[in-house]
Amino acid sequence: MLSDDPIVLIGLMGTGKTSVGRRLAARLGRDLIDLDDAVTADTGRTPAQWIRADGEAAFRAVEVEALTAALAMRDRGATVIATGGGTPTTDAAREVLAGGEATVVWLDAASEVLAERVGHDPDRPLLGDDPLGALTRLAEERRSAYTAASAGGLHVDTGSAADADAVAVEIIDRLDAGPDPTWFRVPVRVDGGRSYPVLVGPGCRHGLASMIPDDVGRVAVVTQEGIDVDIDPGREHRVFVVPPGEQAKQLSTVERITREMAEWGMTRRDLVVGVGGGVVTDLAGFIAAVYHRGIRVMHVSTTLLGQIDAAIGGKTGVNLPEGKNLVGAFWQPSAVFCDTEALTSLPSREYRAGLGELAKYHFLGGGRLDELPLDERVAACVRIKAEVVAADEREGGLRAILNYGHTLAHALETAGSYDLRHGEAVAIGVRYAAEVAHRLGRIDADRVAEHLRVLHAYDLPTTVPPGLDDDELIALFSRDKKALDGLTFVLDGPNGVETVLVEDTAPLRAALEVMSS
């Protein structure tokens, strides 16, 4: 298994250091540092501007300083560093790399391929008017430097690769950096400097056994009736099956399972694994939080909603007759497996309901998520949630943005007895949040249109079901858990999505009117 030492990509311009670095960082759950960008940010001048103004030698000195700083950033997590083409050509840079406890990967390709990729780029002053000739000369001049810098690392040909992601997968495979190089790995950082991995990809649940600590003797697998997902913890285990639906989330279920765990002889060293959707991970997490005052838990999430939301972040709980999730705890898992293979067997409506929650991530920094393959889309959502959880593990404020679209959604769920899934209600709420923000002058009509584009791309509902009373819905807004000092909404705006106190109900009513047409 690869350590947290930095991975440094070297090679000529056009070999794909930045594009491969971006894919490599995404799959390993690391931060990407582009050395050229770091120099520009630190000095206010691009590499091309440095070379034109002060010569290549002056730029190389500045570049070494940036490389030294990048290698020292271990305290913020593991990194992938994409260097400039000439970075390893100086003795100083090679000494920094040799002493930086880094894995150096030399990306290489034929000069003809590189010339076709980079063309006549004015931001690459070393190419001149003859890119092929310049690249052929640079390849010969720098070969010994690249060979020396990557000693003990890898030499990877990118000339025939299908794309940057294929190169990233090859690097991970050759470095033995994980149980399967095709899975995405996203770290969730929590209090105390601790972090846990979220694996995303088809079949990733089969990596469960390799992630269980050696001191675990017994594994309690909590799952639900009707969930046909097999797992093998690789050691003694028992399966505890709970009823379908929300009825499973009861204190009586917790008592039954924990008593059976005690009779079996489970200790504080052992592990709970939740296999299922949000109901199961909520329940299994709470059981782990209270048994022996807390034992370890891992989740194998089998629904889209669970993979992008419920299984991530450590919120656990069960219901009381007086309300949902009124008894619970924050208890972070040791690992989460978002097996996208399990999504293929979901009923179409349940999958679509998960898309309602996914849609909100487009406006929390996800951009055009609908253009990504499914695995990468799920990983991107997990990454966004992980960043929010790291900043606000116990819901002190920022974590409220994860409820984008939920104010109207919760009101619809409370007011209506019609057939509407949670994710479908959230989709309607996402559009409503955009309409309210537009009427408050926070976003323009194009941004509203983008909300509608995303929702329509996922074939989600965008209008309030008929027969609901606007006064009743507005009254229900005040019961929302964010409503501490009045009607509080999570709204898009110039600073991104944030909580906003809405003192005038006129824009709320105007938005509902549009939503009902």
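None of these values were measured; they are calculated from a predicted model.

What counts as what
- Residues numbered from 1 in each chain as written.
- Predicted model: local features only at pLDDT ≥ 70, side-chain atom pairs only at ≥ 80, totals over all residues.
- Heavy atoms only, no water.
- Helix = DSSP H or I, 4+ residues; strand = E, 2+ residues; numbered from the N terminus.
- Buried < 20%, exposed > 50% of the residue type's maximum accessible area, 1.4 Å probe, protein only.
- Core = buried A, V, L, I, M, F, W, Y, C linked by side-chain atoms within 4.5 Å.
- Polar contact = N/O pair within 3.5 Å; in protein donor to acceptor, adjacent residues only side chain to side chain.
- Contact = heavy atoms within 4.5 Å.
- Pairing = 2+ DSSP bridges.
- Axes fitted to C-alpha atoms, helices over the stretch in contact; angles between N-to-C directions.
- Salt bridge = Lys/Arg side-chain N within 4 Å of Asp/Glu carboxyl O.
- Expected span 1.5 Å × (residues − 1).
- Parallel < 35°, antiparallel > 145°, perpendicular 65-115°, else oblique.
- Left-handed = near helix turned anticlockwise from the far one by under 90°.
- Nonpolar A, V, L, I, M, F, W, Y, C, P; charged D, E, K, R; others polar.

Caption draft 1: Representation of unusual backbone geometry within the structure. In this structure, H292 takes a positive phi of about 55 degrees despite not being glycine. For H292, the location among the structural elements is in the loop between α11 (278–290) and β11 (296–301). When its relative accessible area of 38% is taken as the criterion, H292 is described as partly exposed. Residues other than glycine seldom take positive phi values, yet R293 does so here, at roughly 60 degrees. Mapped onto the elements of the fold, R293 is located in the loop between α11 and β11.

Caption draft 2: Seen up close, the nonpolar core. One finds V198, L408, Y432, V464, F477 and L508 to be the most contacted residues of the largest nonpolar core, which totals 72 residues. Ranked by the residues each element gives to this core, the list is headed by helix α16 (residues 422–439), at ten residues. By size, the runner-up hydrophobic cluster in this structure holds 31 residues, among which are L35, W50, A70 and V118.

Caption draft 3: Local environment of the side chain of N319. Note on placement: N319 falls in strand β12 (residues 315–320). Residue classification places N319 among the buried positions, given a relative accessible area of 14%. Here the side chain of N319 touches E246 through a polar contact of 2.7 Å, side chain to side chain. Residue contacts for N319: discarding those within four places in its chain leaves E246, K249, Q250, K324 and N325.

Caption draft 4: Just the sheet that holds strand β2 (residues 31–34), in detail. Strand order in the open sheet formed by five strands is β2-β3-β1-β4-β5, and the pairing between neighbours is parallel. With one partner strand each, in any of the chains shown, β2 and β5 (154–157) form the two edges of the open sheet. When strand polarity is set aside, the average angle formed by the axes of neighbouring strands in this sheet is 20 degrees. Where helix α2 (residues 35–43) meets the sheet, its contacts fall on β2 and β3 (79–82), and the angle it forms with β2 comes to roughly 70 degrees.

Caption draft 5: Structural context of the pattern of salt bridges. Throughout the structure, instances matching the rule amount to 33 salt bridges. Close ionic contact of E255 with R259 constitutes a salt bridge, the shortest N to O distance being 3.8 Å. In this pair, E255 and R259 are both assigned in helix α10 (residues 251–264), four residues apart and thus about one turn of the helix distant. For D309, the salt bridge is made with K360, and the minimal N-O distance between the two is 3.6 Å. Here the residue D309 occupies a position in helix α12 (residues 304–310), and K360 occupies one in helix α13 (residues 348–366), the gap between them amounting to 51 residues. Each member of the pair, D309 as well as K360, is classed as buried. Sharing partners across several salt bridges, the network here consists of R23, R27, D165 and E376.

Caption draft 6: Local environment of helix α14 (residues 374–391). Taking 1.5 Å of rise per residue, the 18 residues of α14 would be expected to cover 26 Å, and the 26 Å separating its terminal C-alpha atoms lies within 8% of that figure. Listed as buried for α14 are E376, R377, V378, A379, A380, C381, V382, I384, K385, A386, V388 and V389.

Caption draft 7: Region of the structure containing the packing of α10 against α11. α11 packs onto α10 with a crossing angle of 55 degrees between their chain directions and a minimal axis gap of 10 Å. Compared by their axis directions, α10 and α11 come out oblique. Considering how the two elements wind past one another, α10 and α11 form a crossing that is right-handed. Taken together, the residues of α11 that come into contact with α10 (itself represented by L251, T253, V254, I257, T258 and M261) are L283, F286, I287 and V290. Tallied by class, residues from the contact of α10 with α11 come to eight nonpolar, two polar and no charged.

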